[in-house]
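Each chain, written out:
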Amino acid sequence: MQTTRREFLGAAAVVAAGPAAAPAGESLHAYDIARRHRITREQPTPGFLEGMLLGNGDIGVAVTIRPDALGLHIGKEDSWDIRVSEDHYQHVLPFPDLLKLWERAGEEAKRQGKPDMLYLESNIGFFREYTSKVTSSYQKPWPRPWPCGTVWVHWDSRMVRLLRQTLDPSCGRFTADLEYDNLRGARRAVQIACLVNWTTGHVLAWTDGPALFLSVAYYPNLDDAARLPPPEIDGQAGPGFADFFCLQRFPAIAPTEELPDPPPSEKDRNFALSGHLAGAWKLEGLAESQALLKRRAAGAGDSYTRYDQMQRVFFRNAGEQPFRLDVALFTPRDHPDNAAQARREAVRLSAVPLAKLVEETDHHWKQLWSRSAVEFEDRELERIWYHNQYFLACCLREGKVAPGLFGNWTSGKIGTAWHGDYHMNYNTQQVFWGVFSSNHVDQHLPYVELCENLLPLAEAYAQEKFGLPGAFFPHSAYPAPSRSIAYPAPPWGYEICETPWTVQSLWWHYLYTLDEAFLRRAYPLLRAAARFLAAYVKEGPDGKYHIIPTVSPENWGFTVDFRLNQDCIVDLALTEFVLDAAVEGSKTLREDAEERQKWAEIRAKLAPYPKAQGPYGEVWVDVVNAPPEFVYNVPCTLAPVFPGEQVGIGLREEQLEIARRTARVVRLEGGNDLVYQPLIRARLGMLDLEWFKREVRYCLLPNGTTGDRVRQVDGRYKDSSNFDFMMPMGVWIENLSLPAVLNECLMQSYSGTIRLFPNTQGMGPARFEDLRAVGAFLVSAAFDGRTVSGVRILSEKGATVRLANFWGRARAEVTRLRDHQRVPARQEGEILTFATEPGERYGVERV
C-alpha cells in the first residue's frame, strides 16, 4: 500500500511489504529499503527468463523452479568462446578506396533511376558483395559467451510442492519454501536457499533441515555448431560427500578450411567448475558420459543432442538428509591453475559454516547499499531503483570483465544474439550511465579496462585504413584476443559517433571524482579520440567544420552523394563533448598545448545541429536532409541533450525550446529507448513519471528485469513484426541503468551546477542520500511535494559548489556541519556559490 504524504515524512509509517519508512531528517538505510522490495512468486518458474537472478559482479546464476526440480544456470563474465575469425580483414578497403566504391554505387543507383536509394551497401550488387566479405567473420557462431553449465536438484513432484520463492535484493539471497508430503498423511516445511558468495567464485545452496531430494545432476553446455573441444567432466562419491568437475577449454585460434582443428596456443582460455555435495550420494553413469564426450572429441559419434540426457554427472540420493552444495568456479584470470583451485576451493568452502558464509556475503551487500539511498512515496518508482541497482551489482565489479549485451546470465543460446558482444553505439555504454550519480564509481572500472584493451586496435585501424592519427573505435568488440576490428563493415562500422561515445564516460569518471590519477590514466584515450576527430572533420566554405561522410546510428545506411550522410547530430554533439574534455584534460595535466588550441578552434566552429520544419514546428533531425517525421530506433535527434550534454536546464537555454519540442514529437519504434528517452526528458524537466512507469511495465519480465520490446510500426517494423522478438534473447543489461533516470529527476549536476529535484512531474515526495554530483560532491536532500529541505553536501575534494537555489531568489544559508559555523556564500540570480574544504559536510537551508 502507499503511505500518505504525512506518513512518508513522519516516524510512524509502516509499509506492508517491509520495515517502516525512515523519519524525515534521519539517515536512509538502503539495505532496509531494498529488503522491502523482495521479489516473490508462488508458482513454479521453469523458463530461464522467469528465474530469479543472483550474482557477485562476476558469476551470475539464474535460479529456475520446475514442479519437479530447482535449476542453477551458471554463467561468468569471462567464460567466453574466444575464437575470432579474422579472414575478413584482408578484404577491408582503405577508407579512400571505400569512398570510391561508395561513389560507384551511387552512380549505379542514379543509372537505375533511384537517386534516393537508401542502404547502397545492400541494394547495389557489387557493394553488397563487398559488404558480405567484410562481415563474413561476424556470421560465424563464435565468439560468444559460454554458459558454465546447469545443476538440477530433483524431487518427486507428488511429494514436494512449491509454496513460495523469494529473492531478497538487500542481500542477494534466494529462498524457496517447499511443502513435503510423504503421501502417508504427514506434511512438513522445507526451505532451500541459494546465494553467490561475494568474496570468491562460489555458489552455495542449502536446506534448513533434512530434505528428500531424489538426485542432483550437472550438465555442461553442449553445442555441435560451436565446434569446441568437448568438456572434460568427472565425478566421485565417497563417505559423506560427492564431487563433480567440469573443465571447458576455449581455443584462441578459430578453425578454417585449411586448419579445421587448430593446435593449442598460449592464448587459450578455459573455465573450471567443481561441485561438492555433503551427505550420502551414489554416482551413476559417469563412464558412459565420459565415453560419449571422448567419442565426440575424436570426431566420432552422434551429435550432442541425441544423447544430451547422458552427458552429465549424476548422483542419486541415498536417503533423506540435509542438503548442501558448494560450487567453485574459476578461470585463468582468477588463478593461474584454476582447475586445481576450483577443486580445492569447493572442498575448503564446504567446511566453512553456513552462517559464516551468509554473514560475509551479507556484509558485502550492506557495504554496497551504504553508498547511496533513495526513498519514494511512490513505491513503484522505489522498486525500479532498488531492483536495478541490485542487478547492476550482480554483473558489474571492479577487477572483473565488462559485461556484454546480456551480462553474466546465460544458458544454451540465451545471451548469444549478436555474439553477446560489446555494441559501442549506446548498448555497452548505457549500462554505466547511472553508476556515477548512484555513487558506485568503482562499477565503471571494467568499462575503463575494456576501452584500454580496444585502444591498440582502434589506433591501428585509424592509421591503416583511414590514414589518420588517433583512434577510430569499433562498432562491435569482444572480450577476446583479436588483432583486427570485428565489424569493419558498411554502414554501421562507419558511425563516427562511436569514437567519442566510447571514451565519453572516462571524462565523466573524472568530473564526478576529480581524481587526477584517474585522469592521467584516461587522458591518452580521450586524446586519441580527439586526434582522430580533429583530423577527420573538414572545414567547409561556410567556415564551419563538418563531419562528412558519416552514418546515423542506425538509419539510412550509405546514400547517394552523401544525401543522408552529412553532419549527424549525434556525431556533432559527442564531438563537442569530447573536444571539450580533451581541452580541459590537457589543461589540467598541462599537456598537448598546441593540439589543445586546434581542438578548441574546431569545437568553436563545428557545424550547427541539423533541423527541419515539421507539422508541429521546427525540430532537430538526425542528419542534414532528413525528414522530420521519421521513426527512429533511439532518440538520436536529441543527442545535444543527451548523451552530448550540450543543451539542458541552465545550459544553452536558447535551444531549450527546440529541444523540448523535438522531445515531445519524436517518433520512436521502441525496443532500444526504455532508459534513453526518459533520461532525455528528465534532463529537460519534462518527464512524466506516470508515463515512465507504464513504459517500464510494458517491458517488465517475470525476473524483475526489463527487456527490449517494440512499440511502433512505420519505421523498421510493420504489423506482421513480432514486437517481442528481442525479449527472449536474454537479460538486456542496458536497461539495468533505469536508476539513472530517477537520479536525474532527483538531482542533476552535469552542467557543473547542482539542481535539486529538477523533474517532479508524477513523482510525489521523495528523499535521497549521497547521490554523487560533478565536482566530487555527495548530496542529500528531501522533497515533500512542494519544497526542498534537508540539503546536505559532502565535499570530497574541496571544489566550489554551484547550487541552483530551489527557493528561487529567497536567501539561503550555508553551514559547515562539523561546527555549525556559517560559510560565506554568494548568490547571483538563482545560483548559490560557496567554497568548500576537502572532507567537510555542509548544510543549506532557506532563511
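Use the structure listed above.
To start, this report covers the structure provided alongside it. Remember, it's a predicted structure, so these values are computed and weren't measured experimentally.

## Some points on the sheet that holds strand β30 (residues 766-773)
Judged by pairing direction, the sheet is antiparallel, and its 7 strands sit side by side in the order β19-β30-β31-β32-β38-β34-β35 without closing on themselves. The open sheet has two free edges, formed respectively by β19 (373-376) and β35 (821-823), since each of these has just one partner strand. Shown here is a sheet whose adjacent strand axes are inclined to one another by a mean of 25°, direction ignored. Pairing analysis gives 6 bridges linking β30 to strand β31 (residues 777-783), with the strands arranged antiparallel. Within β31, the residue paired with phenylalanine 768 across the bridge is alanine 781.

## Brief notes about the sheet that holds strand β1 (residues 39-41)
Paired through backbone hydrogen bonds, the strands of a sheet run either parallel or antiparallel to each other. Strand order in the open sheet formed by 9 strands is β1-β8-β9-β10-β11-β18-β15-β14-β13, and the pairing between neighbours is antiparallel. The open sheet has two edge strands, β1 and β13 (232-238), and neither has a second partner. Strand-to-strand twist across the sheet, computed as the mean angle between neighbouring axes with direction ignored, equals 10°. Along the sheet, helix α8 (residues 354-369) contacts β9 (173-181), β10 (187-196), β11 (202-211) and β18 (321-330); its crossing angle with β11, the most-contacted strand, is approximately 135°.

## Points about the packing of aromatic side chains
Counted under the stated rule, the structure contains 50 aromatic pairs. A centroid spacing of 5.8 Å and a plane angle of 25° characterise the contact between phenylalanine 95 and tyrosine 494, whose relative ring orientation is stacked. Note that phenylalanine 95 is positioned in helix α3 (residues 95-111) and tyrosine 494 in the loop between β21 (476-477) and α12 (498-513), a separation of 399 residues in sequence. Residue classification places phenylalanine 95 among the buried positions, given a relative accessible area of 9%. Between phenylalanine 466 and phenylalanine 532, the aromatic rings sit 5.2 Å apart at their centres with planes inclined by 85°, giving edge-to-face as the arrangement. In this pair, phenylalanine 466 is assigned in helix α11 (residues 445-466) and phenylalanine 532 in helix α13 (residues 516-536), connecting sequence segments 66 residues apart. An identical accessibility class is assigned to phenylalanine 466 and phenylalanine 532; each is buried. Its end group placed over the ring of phenylalanine 126, arginine 104 keeps NZ or CZ at 4.0 Å from the ring centre.

## Topic: the packing of helix α14 (residues 569-589) against helix α15 (residues 593-604)
Two elements in contact, α14 and α15, have axes separated by 9 Å at closest approach and are oriented at 150°. With respect to α15, the axis of α14 lies roughly antiparallel. Handedness of the crossing formed by α14 with α15: left-handed. Across the interface between the two elements, Glu576, Leu579, Asp580, Ala582, Val583, Ser586 and Lys587 from α14 touch Arg596, Trp599, Ala600, Ile602 and Arg603 from α15. Within the contact of α14 with α15, the residues separate by chemical class into 6 nonpolar, 1 polar and 5 charged.

## Quick notes on the side chain of serine 437
Inspection of the secondary structure assignment puts serine 437 in the loop between α10 (427-430) and α11. We classify serine 437 as buried; its relative accessible area is 6%. Looking at serine 437, its side chain comes within polar contact range of the main-chain oxygen of glycine 434, at 3.5 Å. A distance of 2.9 Å separates a polar atom in the side chain of serine 437 from a polar atom in the side chain of asparagine 743. Setting aside chain neighbours within four positions, we find serine 437 in contact with Tyr512, Asn743, Leu771 and Arg772.

## Focus: the environment of aspartate 378
Its place among the elements puts aspartate 378 in the loop between β19 and α9 (379-395). Residues aspartate 378 and glycine 764, spaced 386 residues apart in sequence, show a C-alpha to C-alpha distance of 6.8 Å. Engagement of the side chain of aspartate 378 in a polar contact is seen with the backbone nitrogen of glutamate 380, the distance being 3.0 Å.

## Let's talk about unusual backbone geometry
Here the amide bond leading from tryptophan 142 into proline 143 is cis, since omega sits at -10°, within 30 degrees of zero. Tracing the sequence through the fold places proline 143 in the loop between α5 (125-134) and β6 (144-145). Here the bond from isoleucine 548 into proline 549 is cis, since omega is -5°, no more than 30 degrees from zero. Examined against the element boundaries, proline 549 turns out to sit in the loop between β23 (545-546) and α14. Within the chain, asparagine 439 stands out as a residue other than glycine whose phi angle is a positive 65°. Note on placement: asparagine 439 falls in the loop between α10 and α11. Even without glycine at this site, aspartate 714 takes up a positive phi of about 85°. Relative to the helices and strands, aspartate 714 is located in the loop between α18 (689-699) and α19 (738-746).

## Considering the environment of arginine 520
Here arginine 520 shows up in helix α13. Of the residues examined, arginine 520 reaches a relative accessible area of 46% and is grouped as partly exposed. Separated by 231 residues in the primary sequence, arginine 520 and serine 289 place their C-alpha atoms 53 Å from one another. If near-sequence neighbours (up to four positions away) are discounted, arginine 520 is found in contact with Leu589 and Glu591.

## A short note on α15
With 12 residues, α15 extends 17 Å between its outermost C-alpha atoms, agreeing within 8% with the 16 Å of an ideal straight helix rising 1.5 Å per residue. Taken as a whole, α15 has its buried residues at Arg596, Trp599, Ile602 and Arg603. Down the axis of α15, the smallest arc covering the buried residues is 130°, so these residues share one side. More than 90 degrees from the buried face of α15, the exposed residues found are Glu594, Gln597 and Ala604. Looking at the buried side of α15, the elements it contacts are α13, β23 and α14.

Conventions and cut-offs
Residues numbered from 1 in each chain as written. Predicted model: local features only at pLDDT ≥ 70, side-chain atom pairs only at ≥ 80, totals over all residues. Heavy atoms only, no water. Pairing = 2+ DSSP bridges. Helix = DSSP H or I, 4+ residues; strand = E, 2+ residues; numbered from the N terminus. Axes fitted to C-alpha atoms, helices over the stretch in contact; angles between N-to-C directions. Contact = heavy atoms within 4.5 Å. Phe/Tyr/Trp six-rings, centres within 6.5 Å; stacked < 30°, edge-to-face > 60°. Buried < 20%, exposed > 50% of the residue type's maximum accessible area, 1.4 Å probe, protein only. Lys NZ or Arg CZ within 6 Å of the ring centre and 35° of its normal. Parallel < 35°, antiparallel > 145°, perpendicular 65-115°, else oblique. Left-handed = near helix turned anticlockwise from the far one by under 90°. Nonpolar A, V, L, I, M, F, W, Y, C, P; charged D, E, K, R; others polar. Polar contact = N/O pair within 3.5 Å; in protein donor to acceptor, adjacent residues only side chain to side chain. Expected span 1.5 Å × (residues − 1). Arc of directions from axis to C-beta.

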